[in-house]
There are 2 protein chains.
Amino acid sequence: LILVRGLGLIGTSIGLALAGEERLGWDPNPAHAEVALRRGAVDRLVTEDADPSGATVVLAGPPSAILAELRPGRRGAGRLYLDVGSVKAPIVARAAATELPFVGGHPLAGNEGSGPEAADATLFAGRTFFLTPVSGREALVEPAADLVRRLGARPVVLDAAQHDAAVARTSHLPYVLARALLTLAEDQPRVAQGPAFAALTRPGRSPAALWAEILGHNRAAVREAWEALKAVVEDLL
Amino acid sequence: LILVRGLGLIGTSIGLALAGEERLGWDPNPAHAEVALRRGAVDRLVTEDADPSGATVVLAGPPSAILAELRPGRRGAGRLYLDVGSVKAPIVARAAATELPFVGGHPLAGNEGSGPEAADATLFAGRTFFLTPVSGREALVEPAADLVRRLGARPVVLDAAQHDAAVARTSHLPYVLARALLTLAEDQPRVAQGPAFAALTRPGRSPAALWAEILGHNRAAVREAWEALKAVVEDLL
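Residues numbered from 1 in each chain as written. Chains lettered and ligands numbered in written order. Predicted model: local features only at pLDDT ≥ 70, side-chain atom pairs only at ≥ 80, totals over all residues. Heavy atoms only, no water.

Description of the overall build of chain A
Selection rule: We count a stretch as a helix when DSSP gives it H or I for four or more residues in a row; a strand needs E for two or more, and each element gets its number in order from the N terminus. Only the C-alpha atoms count toward the radius of gyration. The rule for a globule is 2.2 Å times the residue count to the power 0.38. Each residue gets one of three labels from its accessible area relative to the maximum for its type: buried under 20%, exposed over 50%, partly exposed in between, using a 1.4 Å probe on protein chains only. A contact between two residues is defined here by any heavy atoms of the two lying within 4.5 Å.
Scanning chain A for helices and strands turns up 9 helices and 8 strands. For a compact globule of 237 residues, the expected C-alpha radius of gyration is about 18 Å, and chain A comes in at 18 Å, within 12% of that figure. Projected onto the principal axes, the alpha-carbon positions of chain A cover approximately 60 × 40 × 30 Å. A total of 237 residues make up chain A; the buried ones form 56% of that total. In chain A, 66% of the contacts between residues at least 6 apart in sequence involve partners at least 24 apart.

Section: helix 9 (residues 219-236) of chain A
As a reminder of what qualifies: What a helix is expected to span follows from its residue count: subtract one and scale by 1.5 Å.
Here helix 9 of chain A contains 18 residues, and its C-alpha end-to-end distance of 25 Å stays within 8% of the 26 Å for a straight helix at 1.5 Å per residue. Of all the residues in helix 9 of chain A, the buried ones are A:Ala221, A:Val222, A:Ala225, A:Trp226, A:Leu229, A:Lys230, A:Val232 and A:Val233. Residues of helix 9 of chain A that are buried sit in contact with helix 6 (160-185) and helix 8 (208-217) of chain A together with helix 6 (160-185) and helix 9 (219-236) of chain B.

What to know about the interface of chain B and chain A
Interfaces are frequently sized by the accessible area removed from exposure as the parts join. Cut-off, in case you're wondering: What counts as buried area is the accessible surface, traced by a 1.4 Å probe, that two parts surrender upon association, with contributions from both included. The residue classification treats Ala, Val, Leu, Ile, Met, Phe, Trp, Tyr, Cys and Pro as nonpolar and Asp, Glu, Lys and Arg as charged. All others, Gly included, are polar.
At the interface, 46 residues of chain B touch 46 residues of chain A. Contact between chain B and chain A buries roughly 4,400 Å² in total, counting both sides, with carbon and sulfur atoms accounting for 75%. Sorting the residues of the side of chain B that touches chain A by element identifies strand 7 (128-133), strand 8 (154-157), helix 6, helix 7 (195-201) and helix 9 of chain B as the ones contributing at least two each. Its residues assigned to classes, the side of chain B that touches chain A shows 31 nonpolar, 6 polar and 9 charged.

A few points about the pairing of strand 8 of chain B
On a regular strand, each side chain points to the face opposite its neighbour's, so the side chains alternate between the two faces of the sheet. Residues and elements named next belong to chain B. Short version of the rule: Strands are labelled as partners when DSSP assigns at least two bridges between them. By convention, a crossover is right-handed whenever its connection, traced from the first strand over the helix to the second and viewed with the strands pointing away, goes clockwise.
The pairing of strand 7 with strand 8 spans 4 bridges and is parallel. Among the inter-strand pairings, Thr128 is bridged to a residue of strand 8, identified as Arg154. Handedness of the strand 7-helix 5 (residues 141-150)-strand 8 crossover: right-handed.

Points about the packing of helix 9 of chain A against helix 6 of chain B
For clarity, the threshold we go by: A fitted line through C-alpha atoms serves as each axis, taken over the contacting stretch for helices, and the angle formed by two N-to-C directions is quoted from 0 to 180°. By definition in this entry, angles of less than 35 degrees are roughly parallel, angles greater than 145 are roughly antiparallel, angles of 65 to 115 are roughly perpendicular, and the rest are oblique. Left-handed is the label given to a crossing in which the near helix is rotated counterclockwise from the far helix by less than a right angle, and right-handed is the label when the rotation is clockwise.
Contact geometry of helix 9 of chain A with helix 6 of chain B gives a least axis separation of 9 Å together with a crossing angle of 125°. Viewed along their axes, helix 9 of chain A and helix 6 of chain B adopt a mutual orientation that is oblique. The two elements helix 9 of chain A and helix 6 of chain B meet at a crossing, and its hand is right-handed. Of the residues in helix 6 of chain B, those touching helix 9 of chain A at A:Ala225, A:Ala228, A:Leu229, A:Val232, A:Val233 and A:Leu236 are B:Val176, B:Leu177, B:Arg179, B:Ala180, B:Leu181, B:Thr183 and B:Leu184. The residue inventory of the contact of helix 9 of chain A with helix 6 of chain B, partitioned by class, reads 11 nonpolar, 1 polar and 1 charged.

Structural notes on the sheet that holds strand 6 (residues 102-107) of chain B
Remark on secondary structure: sheet strands pair via backbone hydrogen bonds, oriented parallel or antiparallel. All names here are of chain B. Within the open sheet, the 8 strands sit side by side as 3-2-1-4-5-6-7-8. Their pairing is mixed. The two strands at the open ends of the sheet, each matched to only one other strand, are strand 3 (44-45) and strand 8. Along the sheet, helix 4 (residues 89-96) contacts strand 5 (80-83), strand 6 and strand 7; its crossing angle with strand 6, the most-contacted strand, is approximately 165°. On the sheet, helix 6 packs against strand 6 and strand 7 and is oriented at approximately 145° with respect to strand 7.

Details of the pairing of strand 6 of chain B
Residues and elements named next belong to chain B. Burial runs high along strand 6: 6 of the 6 residues are buried. Alternating positions in strand 6 separate into two faces, Phe102, Gly104 and His106 on one and Val103, Gly105 and Pro107 on the other, with burial throughout. In this structure, strand 5 lies alongside strand 6, joined through 2 bridges in parallel fashion. Following the sheet pairing, Tyr81 is matched in strand 6 by Phe102. Following the chain from strand 5 across helix 4 to the adjacent parallel strand 6, one finds a crossover that is right-handed. Across 5 bridges, the pairing between strand 6 and strand 7 is antiparallel. Among the inter-strand pairings, Val103 is bridged to a residue of strand 7, identified as Pro133.

Quick notes on the confidence of the model for chain A
Do not read the fine detail of predicted coordinates wherever pLDDT is low. Inclusion rule: By definition, pLDDT measures how confident the predictor is in each residue, and it falls between 0 and 100.
Scored by pLDDT, chain A comes out at a mean of 94, with 100% of its residues at no less than 70. This prediction of the complex comes with two scores: 0.85 for pTM and 0.83 for ipTM.

Description of helix 5 (residues 141-150) of chain A
Residue and element names in this part refer to chain A. Note the following rule: When we speak of the arc, we mean the arc of directions from the helix axis to the C-beta atoms.
Taken residue by residue, helix 5 has Val141, Ala144, Ala145, Leu147 and Val148 as its buried positions. In a view along the axis of helix 5, the buried residues occupy a sector of 155°, so they form one face of it. Backbone geometry just downstream of helix 5 places Gly152 in the positive-phi region, at approximately 90°.

Next comes the structure, spelled out in structure tokens:
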């Protein structure tokens, strides 16, 4: 039994990828929930306070929503709680103050779209899915890895801080650079944007509000990555 | 009648795209020339000093080779000389000191490969192909644009300096950033490189020697683009 809380691109794709299993869903936006239901990503919708006994609960909202779920001392009836946020240290720290059987998660997957309409059952196929355990709750990694494999992804266990430093370099800073290149190109002839430019700046076109949140939670690591990049670039120029 | 001088990725693709026209070819590397001939990109190979009367001559080597061809006072028997170098101001300046009926050219096209093996008849389909005329030789733009259209590309006429400033932002700096991101990621877990990272850094995997040449000829504009980018990034962080 799976409960997906947050039916955007990632949550709805998880539902689609687990077709055949019993899946419940909830989203604060009823329109998103309806799309996920209509697309068959969930078998039925539940209310915000639903916490079915023995369920695997996937927290699939943006980081702010995930953090809001992790109230200190919170207990749950589920057997496993897994999130999908792109930043892990603040989430794992917050989860440690709950009583939830929680494992941090982060799939390296996405596409050019957003929302449940853009969801895809094969979004996770062959992708890395990081698992960052809460200290003392490492026994939950194996059931979480089992879920990850059912999505078609490859579980990779990593310390939350190491994860955040790594993705600062491979994902968050690249996003910032893509955004900056798009800004820089605004006053240049559009025809000067060749195929390489389009590929490079594609991540810069993903939702700005979500990225602002992600950067806000991983600013120190991204700034450190930026300082390292500056040194490399100035060496190349 | 077309003579392609330089049978790497771009020169061989030009030959392939012009199938049906009479095409001669030359390359300083006999192995490259043989591949281009075997693939049908040229009808026959000629010697380095061939300069057939009335031919359209495409200078398709790296910038250093193109510049070496543009000796001051050089005359030619061809009706049109067009290059394909990624930097235009130094090449157009050098061409102005020749007597050649020359137009600068730069196709925004490429793929992940290099050399004649990676050539593709459809490489230019729908792509921008910049034409940067030599002052006083603007009448040659139209025949050059005609050739560009036969390649399937869209001719865009631009001043050489404007071209170099634009591609510094949309191509040369992105390449530098891609290289730097690859360097930065070297000491991170490889699994942290998701699909966005792969797309973003693809240009950074193209031939380093060619790029060193390109950057060397457009350093001022790339440095200016880098300063502008730094300001935008520091605003985002």
